[in-house]
Amino acid sequence: MAPRKPKPKPKRAGDGETPGDVRPKLAVWKFASCDGCQLTLLDCEDALLEIAAKVEIANFPEASRAIVRGPYDVSLVEGSITTSHDAERIHTIRRASKVLVAIGACATSGGIQALRNFAEVGGWMTAVYGRPDAIPTLRASTPISDHVKVDFELHGCPISKEQLIRVLGAILRGNVPRLPHHSVCLDCKRNGTVCVTVAEGQPCLGPVTRCGCGALCPSHGRGCYGCFGPLAEANFGGMGRLLEVKGVDAAGRARLFRGIYGAAEAFRVESESHGRNRT
Amino acid sequence: MAGTVPRKLRVEVLARIEGEAGLDIAVKRDGRVEAHLAVFEPPRLFEGFLRGRDFREAPDLTARICGICPVAYQTSACQAMERACGVTVGGAVRDLRRLLYFGEWIESHALHVHLLHGPDFLGYESGIHMAADHPEPVVRGLRLKKVGNDLMTLLGGREIHPVGMRVGGFWRAPRLEAMRAMREPLLRAIDDAVAAARWTGTLDIPEFERDYLFLALRHDDEYAIVDGRLATNNGFDADVDAFERHVVEVHAQHSNALQSTFDGQAFLTGPLARFALSRELLSPRAKEAARELGLNGPCMNPFRSIHVRAVETIHAAEEALAIVERFEPIERAYVDVEPREGSGCGASEAPRGLLYHRYRIDAGGSILEARIVPPTAQNQKSMEEDLVRWVGAHPELDDERLGWTCEQAIRNHDPCISCATHFLRVRVNRE
Ligand code: SF4
Ligand code: SF4
Ligand code: SF4
């Protein structure tokens, strides 16, 4: 997705943490997710204290008990919307945020929990909890952009550290973040990784998957399973036919597209063309 | 007797901003305390959508349950599938699996000790706030954490949801030079972990003891991590496949997380349980640090879990170093696993406790049924009992102090309800 122009420039960074702190306020919010994307921020060990000095961490429950009231200059939103309560909460967060960045597969596509969108949720609730009516949950898991305006989407399950730092940096400087926009497949060529499809006939979604991971799976000798989501304008039908030629049966093809990013439009459509909905 | 002044404490989990998970504590007029840990983490229905997936997909899919302990999910899932298919993974490949898992232990424990739990004892809102006055432990903690992450990256490609593991082992064997390059950082990590343990020894730990029923994996010749037998501190010992006959999950009204009991009782899994059952198998320097911290027998004070975590970090770094040092290049880092009809379970020791998986698959390898019991679900009842006892024992604390210590009492167990309950806010209402 093309980056949208962020809203007004945040205030100049300052130091100290007085009540009149002028550093831009950063908030991190969680919806249905595994916490992996926000943990990515804590995993920036070398840059963490540096980042923490440049922004005021105003809301980041995973890292701090301190909560500063909005409005927030930048909100990072992790997770998908799966309850009616969350569908309301995201609006409050949007109102309190100047720039809202959806981070990760969950927030940008509904995430792995969007596999429910293909099935009868009631049956699954019974499988997990014993009673389908026990827990309030929506039939579908939806991305943040289905509910509110999102200024920028950062993809991946989990997101990449480097991309996160880059995007945060650009937004804090008041710039429009730009990220490379090509396939995992191209990174394989750049890295000189032997193609697992050509060499071993393994199924690989690299040709239709957005870059960002540095072509990790092929470098480990396995095919890509699409955890950075579909690359816009890729040839998904061609990918499906290639998998068929390589001997992947229809159910296997449907499953491959219906994974971490299964609810992303391009993967969903392609997956449905190979297999019927499961229940 | 005039009776107790009734109180009500409400703890909101800030990770679920508007109190989606929380804590409700009521002190009754007769002095009785009631505590409910309410988990409103939205259900993600993994056990539902795993049905119909291929058995080889389980490690990548279940990793997404938790970003803090993906390796635990991958390990338990792989083992369950290997068992279902009648395959055992041993030797060098099992070593690599332990190495990856030690990476996760180091990463997770360093994070918890320095950034999540440690600040509580010194009265800071976060590790980042603490860093302003106490840079040393924070910087050391981050350095230590990074070594854990580097091990995960070496074997898995990345720290969160690594891609290196597969049913049967690893997709690719690590290169000798890459393994050797971990030697120096691990030596340093051992020193850092020892220093961290000493630092936890300077913290002011509340006096508080509980009579826990501990459940952990136990292994004959190692401090169990990737596998073992089920054991408790009251003599129970059984194969992992006995798990579901003893651990029963119920759905409590106030929570979206299922609660477990062991033969009808609340029980605890995690560092205190492992330490109680296997401490004689710790590495030399870990043992020494335990002695220095005065951990001479099973530790029944949950606030001291920070000590045990630091000790386990030393152990993890020492064992990881041993694996790195004895590593010899291997061609293939996996064994073939062909599906067959049947079922299998697997359990491993996630940083915060025992993680159990069971799958039933058909002859073609399609998953027919999945059961996953994470550590936090198992610990939930014990956590509630901790609160009841803590609040009951401290009528003198004012609401603010009581609230903070209750949060701390929950953080003692590093809960991971999708890892959301690390940070809680307390609101107090007088009845
Ligand atoms: S996108 Fe993946 S890593 Fe990020 S929160 Fe969702 S499941 Fe976790
Ligand atoms: S392994 Fe996959 S991503 Fe890499 S070149 Fe081959 S098809 Fe493309
Ligand atoms: S699945 Fe694809 S996008 Fe994800 S890490 Fe592997 S190669 Fe990269």
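Since we're looking at a predicted model, the values are computed, not measured.

Draft legend 1. Just the overall build of chain A, in detail. Per the secondary structure count, chain A includes twelve helices and five strands. Counting across all 279 residues of chain A, residues that qualify as buried make up 60%. Pairs at least 24 residues apart make up 70% of the contacts formed inside chain A by residues separated by at least 6 positions. Carbon and sulfur atoms form 55% of the exposed surface of chain A, whose accessible area is close to 11,100 Å².

Draft legend 2. Region of interest: the overall build of chain B. From N to C terminus, chain B includes 14 helices and 14 strands. For chain B, buried positions account for 68% of its 431 residues. Relative to all contacts within chain B whose residues are 6 or more apart in sequence, the contacts with residues 24 or more apart total 70%. Total accessible area on chain B stands at roughly 14,500 Å², and carbon and sulfur atoms take up 47% of it.

Draft legend 3. The site of ligand 1, seen in detail. For ligand 1, the set of nearby residues contains 14 residues, the closest of which are A:Cys34, A:Cys37, A:Ala105, A:Cys106 and A:Cys157. More than a single chain frames ligand 1: its nearby residues are located in chains A and B. Elements that contribute at least two residues to the shell around ligand 1 include exactly α1 (36–42) and α4 (104–109) of chain A. With three residues, α4(A) is the single largest residue contributor to the shell around ligand 1.

Draft legend 4. Just the environment of B:Val147, in detail. Residue and element names in this part refer to chain B. By secondary structure assignment, the location of Val147 is in helix α6 (residues 135–156). According to the relative accessible area criterion, Val147 is buried, its value standing at 9%. Spatially, the C-alpha atoms of Val147 and Asp60 are 23 Å apart, while their sequence positions differ by 87 residues. Dropping the residues within four chain positions of it, Val147 is found in contact with Met182, Pro185, Leu186 and Ala189.

Draft legend 5. Representation of the side chain of B:Gln408 within the structure. Looking at the element boundaries, B:Gln408 is found in helix α14 (residues 399–411). Not counting the four nearest positions on each side in its chain, B:Gln408 is found in contact with B:His117, B:Asp120, B:Phe121 and B:Phe303.

Draft legend 6. Structural context of the side chain of A:Gln163. Summarising the element assignment, A:Gln163 is placed in helix α6 (residues 161–172). Residue contacts for A:Gln163: discarding those within four places in its chain leaves A:Leu154, A:His155, A:Leu179, A:Cys211, A:Gly212 and A:Phe228.

Draft legend 7. A look at the nonpolar core. A:Leu41, A:Leu76, A:Val101, A:Ile260, B:Leu186 and B:Tyr359 are the most contacted members of the largest nonpolar core, which totals 176 residues. Here this core takes 13 residues from helix α4 (residues 91–122) of chain B, the largest share from any one element. With residues near it in sequence (within four places) discarded, A:Leu76 still touches A:Leu26, A:Ala27, A:Val28, A:Trp29, A:Leu41, A:Val101, A:Ile103, A:Leu164 and A:Leu168. Counting 18 residues, the second-largest nonpolar core is a separate cluster that includes B:Leu230, B:Leu354, B:Tyr356 and B:Val373.

Draft legend 8. A look at the sheet that holds strand β11 (residues 342–350) of chain B. Residue and element names in this part refer to chain B. What the three strands build is an open sheet, ordered β11-β12-β13; its pairing is antiparallel. One side of each edge strand has no neighbouring strand; the edge strands of this open sheet are β11 and β13 (367–373). Across this sheet, the average inter-strand angle for adjacent strands is 15 degrees, counted without regard to direction. Judged from the six bridges that link them, strand β12 (residues 353–361) and β13 form a sheet pairing that is antiparallel. Bridge pairing in β13 links Ile361 to Ile367.

Draft legend 9. Examining the packing of aromatic side chains more closely. Across all of its chains, the model carries 13 aromatic pairs over all chains by this definition. When the centroid spacing of 6.1 Å and the interplanar angle of 80 degrees are considered together, the rings of B:Phe102 and B:Trp105 count as edge-to-face. Of this pair, B:Phe102 and B:Trp105 both sit in helix α4, three residues apart, which is roughly one turn of that helix. Exposure remark for B:Phe102: the relative accessible area of 0% places this residue in the buried category. Accessibility expressed as a relative area gives 0% for B:Trp105, which makes it buried. Ring centres of B:Phe262 and B:Phe267 lie 6.0 Å apart, and the angle between their planes is 65 degrees; on these two criteria the pair is classed as edge-to-face. Summarising the burial analysis for this pair, B:Phe262 and B:Phe267 share the class buried. The rings of A:Phe236, A:Phe257 and A:Phe267 are connected pair by pair, giving a single aromatic cluster. Positioned above the aromatic ring of B:Tyr334 is the side chain of B:Arg166, whose terminal nitrogen or guanidinium carbon lies 3.7 Å from the ring centre.

Draft legend 10. Inspection of the sheet that holds strand β3 (residues 72–78) of chain A at higher detail. Residues and elements named next belong to chain A. With parallel pairing, the five strands of this open sheet are ordered in space as β2-β1-β3-β4-β5. Only two strands of the sheet have a single neighbouring strand rather than two, namely β2 (56–59) and β5 (152–154). Strand after strand, the sheet turns through a mean of 25 degrees between neighbouring axes, direction not considered. Examined bridge by bridge, strand β1 (residues 25–30) and β2 share three bridges and lie parallel to one another. Its bridge partner lying in β2, Leu26 is registered against Ile57. Sheet strands touched by helix α3 (residues 84–96): β1, β3 and β4 (97–103). Its angle to β4, the strand with the most contacts, is close to 130 degrees.

Draft legend 11. Representation of the site of ligand 3. If you check the shell around ligand 3, you find A:Val184, A:Thr209, A:Cys213, A:Leu216, A:Cys217, A:Pro218, A:Cys224, A:Tyr225, A:Gly226, A:Cys227, A:Phe228 and B:Arg158 and nothing else. More than a single chain frames ligand 3: its nearby residues are located in chains A and B. Its residues assigned to classes, the shell around ligand 3 shows nine nonpolar, two polar and one charged.

Draft legend 12. Up close: α6(A). All names here are of chain A. The terminal C-alpha atoms of α6 lie 16 Å apart, and with twelve residues this matches the ideal 16 Å at 1.5 Å per residue to within 8%. Every buried residue of α6 is accounted for by Gln163, Leu164, Val167, Leu168, Gly169, Ala170 and Ile171. Here the buried face of α6 lies against β1, α1, β3, β4 and β5. The N-cap of α6, judged by a side-chain oxygen 3.4 Å from the amide nitrogen of Glu162 a few residues on, is Ser160. Just past α6, the residue Gly174 takes up positive phi, approximately 85 degrees.

Draft legend 13. Representation of the packing of α4(B) against α6(B) within the structure. Residues and elements named next belong to chain B. It is the contact of α4 with α6, at a shortest axis distance of 8 Å, that shows an interaxial angle of 155 degrees. The orientation of α4 with respect to α6, classified from their angle, is roughly antiparallel. In the packing of α4 onto α6, the handedness of the crossing is left-handed. In terms of residue class, the contact of α4 with α6 is made up of 14 nonpolar, six polar and four charged.

Draft legend 14. Quick peek at the packing of helix α10 (residues 236–245) of chain A against helix α12 (residues 265–274) of chain A. All names here are of chain A. At a minimum axis separation of 10 Å, α10 and α12 run at an interaxial angle of 40 degrees. Judged by the inter-axis angle, α10 sits oblique to α12. Note on packing geometry: the crossing formed by α10 with α12 is right-handed. Contact residues: Phe236, Gly237 and Gly240 in α10; Ala266, Phe267, Glu270 and His274 in α12. Taken together, the residues that form the contact of α10 with α12 break down as three nonpolar, three polar and one charged.

So, how was this worked out
Residues numbered from 1 in each chain as written. Chains lettered and ligands numbered in written order. Predicted model: local features only at pLDDT ≥ 70, side-chain atom pairs only at ≥ 80, totals over all residues. Heavy atoms only, no water. Helix = DSSP H or I, 4+ residues; strand = E, 2+ residues; numbered from the N terminus. Buried < 20%, exposed > 50% of the residue type's maximum accessible area, 1.4 Å probe, protein only. Contact = heavy atoms within 4.5 Å. Areas by Shrake-Rupley, 256 points an atom, 1.4 Å probe, with all protein chains shown as cover. Near = heavy atom within 4 Å. Core = buried A, V, L, I, M, F, W, Y, C linked by side-chain atoms within 4.5 Å. Pairing = 2+ DSSP bridges. Axes fitted to C-alpha atoms, helices over the stretch in contact; angles between N-to-C directions. Phe/Tyr/Trp six-rings, centres within 6.5 Å; stacked < 30°, edge-to-face > 60°. Lys NZ or Arg CZ within 6 Å of the ring centre and 35° of its normal. Nonpolar A, V, L, I, M, F, W, Y, C, P; charged D, E, K, R; others polar. Expected span 1.5 Å × (residues − 1). Polar contact = N/O pair within 3.5 Å; in protein donor to acceptor, adjacent residues only side chain to side chain. Parallel < 35°, antiparallel > 145°, perpendicular 65-115°, else oblique. Left-handed = near helix turned anticlockwise from the far one by under 90°.

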